[in-house]
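# Overview (structure and organization)
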Amino acid sequence: MIDLEFIINTVSLGSLYALLSLGLVFVYGILKLVNFAYGEYIMVAGYAMHVIGQNRGIPWYVTMAIAVLLAAAVSYATELVAFRPVRTKSLTALIVTSFAVSVFLQNVVLITISPRSRAVPLPAFFSQTLTLGTATIPVRNLVIIGTTIVLLIGLTFVMKKTVLGIAMRAAADKFTTTRLMGVPANLVISATFIISGLLAGVVAIFWVGRSASVDPLIGAAPLLIAFIATVMGGMHSLVGAVIGGFVYGLLFNILSIMLPATMISYRDAFMFMIVILFLLFRPEGIWRGGYTEERVG
Amino acid sequence: MLTVQNLYASYGAITALHGVSLEVAEGEIVALLGINGAGKSTTLKSITGVLRPVRGSITFLGEEIANKSPESTVKKGISLVPEGRDIFGSLTVEENLRLGAFANRDRARYKTDLDEMFQLFPILKERFHQAGGLLSGGEQQMLAIARALMSRPKLLMLDEPSLGLSPTMTDQIFELISGLHERGTTILLVEQNAERALEIVDRAYLLTTGSLEFSGTPDELRRKVDIASVYFGGEDDDHCEVQL
Ligand SMILES: Nc1ncnc2c1ncn2[C@@H]1O[C@H](COP(=O)(O)OP(=O)(O)OP(=O)(O)O)[C@@H](O)[C@H]1O
Ligand SMILES: [Mg+2]
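Residues numbered from 1 in each chain as written. Chains lettered and ligands numbered in written order. Predicted model: local features only at pLDDT ≥ 70, side-chain atom pairs only at ≥ 80, totals over all residues. Heavy atoms only, no water.

What follows deals with the overall build of chain A. Check the secondary structure of chain A and you find eleven helices and four strands. What you see for chain A is a C-alpha radius of gyration of 19 Å, in line with the 19 Å of a compact globule of 297 residues. Taken along the three principal axes of its C-alpha coordinates, chain A extends 60 × 50 × 35 Å. Residue burial in chain A is summarised as follows: out of 297 residues, 53% are buried. Taking the intrachain contacts of chain A between residues at least 6 apart in sequence as the baseline, contacts between residues at least 24 apart amount to 76%. Of the accessible surface of chain A, which amounts to about 12700 Å², a share of 72% is contributed by carbon and sulfur atoms. When the 18 basic and 10 acidic side-chain charges of chain A are each reduced to a single mean position, those positions are 7 Å apart. (Helix = DSSP H or I, 4+ residues; strand = E, 2+ residues; numbered from the N terminus. Rg over C-alpha atoms; globule rule 2.2 N^0.38 Å. Buried < 20%, exposed > 50% of the residue type's maximum accessible area, 1.4 Å probe, protein only. Contact = heavy atoms within 4.5 Å. Areas by Shrake-Rupley, 256 points an atom, 1.4 Å probe, with all protein chains shown as cover. Lys, Arg positive; Asp, Glu negative; His and termini not counted. Charge placed at Lys NZ, Arg CZ, Asp CG, Glu CD.)

Next up, the structure:
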């Protein structure tokens, strides 16, 4: 059962979840906020693909690029308008704000587009498969793996080699001290929201790519997965988020082939059970990061 | 250069500073002394903008800086070596220094400043690619000082730089601080080690529970205040007596 097909599909699922978790942890690292509106950035990108996709004249890659940029722009806009004014108040205020942003964005598309799901046109290769020996592999899965490799290399470069990236890592550890170096608090926070939004946008392409449709509540499932994956991997570091994403993908696929057919629908229950075990026995996650719990004041 | 007037600062309901006034002239080295909890760090936090003062004024080079953000005060030329070093432990020595130079980004200047830091602290060159958290306490203190110097501050403030260091390391740090002063850096030094601090400073302020108890030259301070009673508690622990 553990064959090439399983491996590629698992790596691909893990890659997608790694990007997903990374986007959530970027913001968490700096603000210590689990951004419940994160799933809505994915939804926004999905609707962008739906709307722009109506126009057949626009090539798919342009559509996708706009969708990704729009997710980043919306993420940045929510930071400016919603999170910045309450940032210095309390963590509770931030969390409540993120719920409000989530519900607000859902309602915007519900009212302006439709409460029901909408089709998202995708390029043909998204539904094609490739045969390697006995293995049948969706091309989409290979694209996910490739995209993830490129993004992880790019992000590693940004975080290790650019001053802004170094400042973001420093700020996740000691926010006030980072400001004492002359790093503007707003710059760092905006940058993390933009990166988080970019990741959400990329994830959206593949998430929406599975069903070729988008609906107002599409963000709920990825948010939950990102949350579970980061709890498993470690909330306090970017590496932990990536590990958590891959572990989630692996556990999920193992459960899928191990569970008897009658129990497949309880797969999520098993995932939650694993999370509870993590919270009980290893609350800091698989990867112990160096970040502290200092709040942004 | 720096003038603090009638400064009040509080943490919620606790008022930590009750009208502190002090002055540091260009080229001077000034000590701010006092027992634990006197409000020394609070004074520095107010100057850097980490803490918003409740009342009072802070002017630097003629400009009002009370209520300015920490990122803007460092750009104006005030750099702090925080209490407990506070280096970025998960970042390498190099990354710590690069952030130190954030306020003053100029590739060529960065290189010369870095070479200068290597001269001052050869150990940092050896440990350049190591995580800051892996350095010893004294090495971390050097890194914290180097990091603060990377912004080419006009005023360098140090919060208990000798805290937790061995006597040899303390000697080195004090030597370094007087060296920096001789090179023309203006310094405001907070120290527990009052005897050592008084050896190298031009003037000193003594803070007791949020207000100034005394200010003057080291000799005047030694004459009027029983330093030992300030720091080592003497018989009547944290109380200090001014003999007028
Ligand atoms: N974050 C804080 N929250 C509440 N109160 C604080 C905080 N920091 C300091 N204080 C209080 O403010 C007063 C002054 O503290 P401060 O840190 O300025 O003292 P200090 O002179 O630097 O002492 P030390 O020599 O121990 O560093 C103390 O009474 C302290 O309890
Ligand atoms: Mg202190």
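All names here are of chain B. In terms of burial, strand E7 (residues 155–159) is a largely internal element, five of the five residues being buried. On E7, burial covers both faces: Leu155, Met157 and Asp159 on one face and Leu156 and Leu158 on the other are all buried. Sheet analysis places strand E6 (residues 78–81) next to E7, joined by four bridges and oriented parallel. The residue bridging Val81 from the neighbouring strand is Leu158, located in E7. Both E7 and strand E8 (residues 186–190) contribute to a ladder of five bridges, which runs parallel. Note that in E8 the partner of Leu158 across the bridge is Leu189. Where the polypeptide runs from E7 across helix H7 (residues 167–182) and back to E8, its parallel neighbour, the crossover connection is right-handed. (Pairing = 2+ DSSP bridges. Right-handed = clockwise from strand over helix to strand, strands pointing away.)

Residues and elements named next belong to chain B. The domains assigned to chain B are domain 1 (1–77 + 155–244) and domain 2 (85–152). The C-alpha-based centres of domain 1 and domain 2 are spaced at 24 Å. Listed per partner, the contact involves 14 residues of domain 1 and 14 residues of domain 2. Across the domain 1 to domain 2 interface the summed buried area is about 1100 Å²; carbon plus sulfur atoms make up 74%. Per-residue buried area on domain 1 facing domain 2 is highest for Leu156, Leu176 and Arg183; these three make up 33% of the total on that side. Between Glu116 and Arg183 there is a salt bridge; the shortest N-O distance is 2.8 Å. (Domains from an automatic or database assignment. Buried area = accessible area lost by both parts, 1.4 Å probe. Salt bridge = Lys/Arg side-chain N within 4 Å of Asp/Glu carboxyl O.)

All names here are of chain B. Strand order in this open sheet of four strands is E2-E1-E4-E5, and the pairing throughout is antiparallel. Both edges of this open sheet fall to strand E2 (14–24) and strand E5 (63–64), since each of them pairs with a single strand only. Pairing of strand E1 (residues 2–11) with strand E4 (residues 55–60) involves five bridges; the strand directions are antiparallel. Bridged to Leu2 within E4 is Phe60.

Moving on, we come to the packing of helix H1 (residues 4–31) of chain A against helix H5 (residues 139–161) of chain A. Residues and elements named next belong to chain A. At a minimum axis distance of 9 Å, the contact between H1 and H5 shows a crossing angle of 35°. The handedness of the crossing between H1 and H5 comes out as left-handed. Two secondary-structure elements touch here, H1 through Ile8, Asn9, Val11, Ser12, Ser15, Leu16, Leu19, Leu22 and Phe26 and H5 through Asn141, Leu142, Ile144, Ile145, Thr148, Leu151, Leu152, Leu155 and Met159. Within the contact of H1 with H5, the residues separate by chemical class into 13 nonpolar, five polar and no charged. (Axes fitted to C-alpha atoms, helices over the stretch in contact; angles between N-to-C directions. Left-handed = near helix turned anticlockwise from the far one by under 90°. Nonpolar A, V, L, I, M, F, W, Y, C, P; charged D, E, K, R; others polar.)

Here the focus is the nonpolar core. By size, the foremost hydrophobic cluster in this structure holds 122 residues, and its most contacted members are B:Leu2, B:Leu99 and B:Leu188. It is helix H8 (residues 185–211) of chain A that contributes the most residues to this core, 15 residues altogether. Viewed by domain, this core spans two of them, domain 1 (1–77 + 155–244) and domain 2 (85–152) of chain B, each represented by three or more residues. The next biggest cluster of nonpolar side chains, apart from the first, holds 46 residues, and it includes B:Ile87, B:Leu143, B:Phe174 and B:Ala194. (Core = buried A, V, L, I, M, F, W, Y, C linked by side-chain atoms within 4.5 Å.)

Time to look at the site of ligand 1. Residues and elements named next belong to chain B. Taken together, 14 residues are adjacent to ligand 1, and Asn36, Lys40, Ser41, Thr42 and Glu83 come closest. The contact in question runs from an oxygen atom of ligand 1 to an N or O atom on the side chain of Glu83, over 2.5 Å. Between Glu160 and ligand 1, the recorded distance is 2.9 Å, taken from a side-chain N or O atom to an oxygen atom. Taking 630 Å² as the accessible area of ligand 1 by itself, protein coverage stands at 65%. Looking at the shell around ligand 1, the elements with two or more residues in it are E2 and helix H1 (40–48). With three residues, H1 is the largest single contributor of residues to the shell around ligand 1. Here the residues of the shell around ligand 1 sort into five nonpolar, six polar and three charged. (Near = heavy atom within 4 Å. Polar contact = N/O pair within 3.5 Å; in protein donor to acceptor, adjacent residues only side chain to side chain.)

All names here are of chain B. According to the stated counting rule, one finds 13 salt bridges over all chains in the structure shown. Across the pair Lys40 and Glu160 runs a salt bridge whose closest N-O atoms are separated by 4.0 Å. Of this pair, Lys40 sits in helix H1 while Glu160 sits in the loop between E7 and H7; the two residues are 120 residues apart in sequence, bridging distant segments of the chain. For the pair shown, Lys40 and Glu160 are each scored as buried. Because the salt bridges share partners, they merge into one network encompassing Asp171, Arg196 and Glu199.

This next bit is on the sheet that holds strand E9 (residues 203–208) of chain B. Residues and elements named next belong to chain B. Spatial ordering of the open sheet is given by E6-E7-E8-E3-E9-E10, a layout of six strands whose pairing is mixed. The open sheet has two edge strands, E6 and strand E10 (211–216), and neither has a second partner. Each strand axis lies, on average, 15° off the axis of its neighbour in the sheet, ignoring direction. Bridge count for E9 against E10 is five bridges, and the pairing is antiparallel. Across the sheet, Ala204 pairs through a bridge with Gly216, a residue of E10. Relative to the sheet, H1 contacts strand E3 (29–34), E6, E7, E8 and E9, its axis offset from that of E7 by approximately 145°. Sheet contacts for helix H6 (residues 137–149): E6 and E7; angle to E6, the most-contacted strand, approximately 170°.

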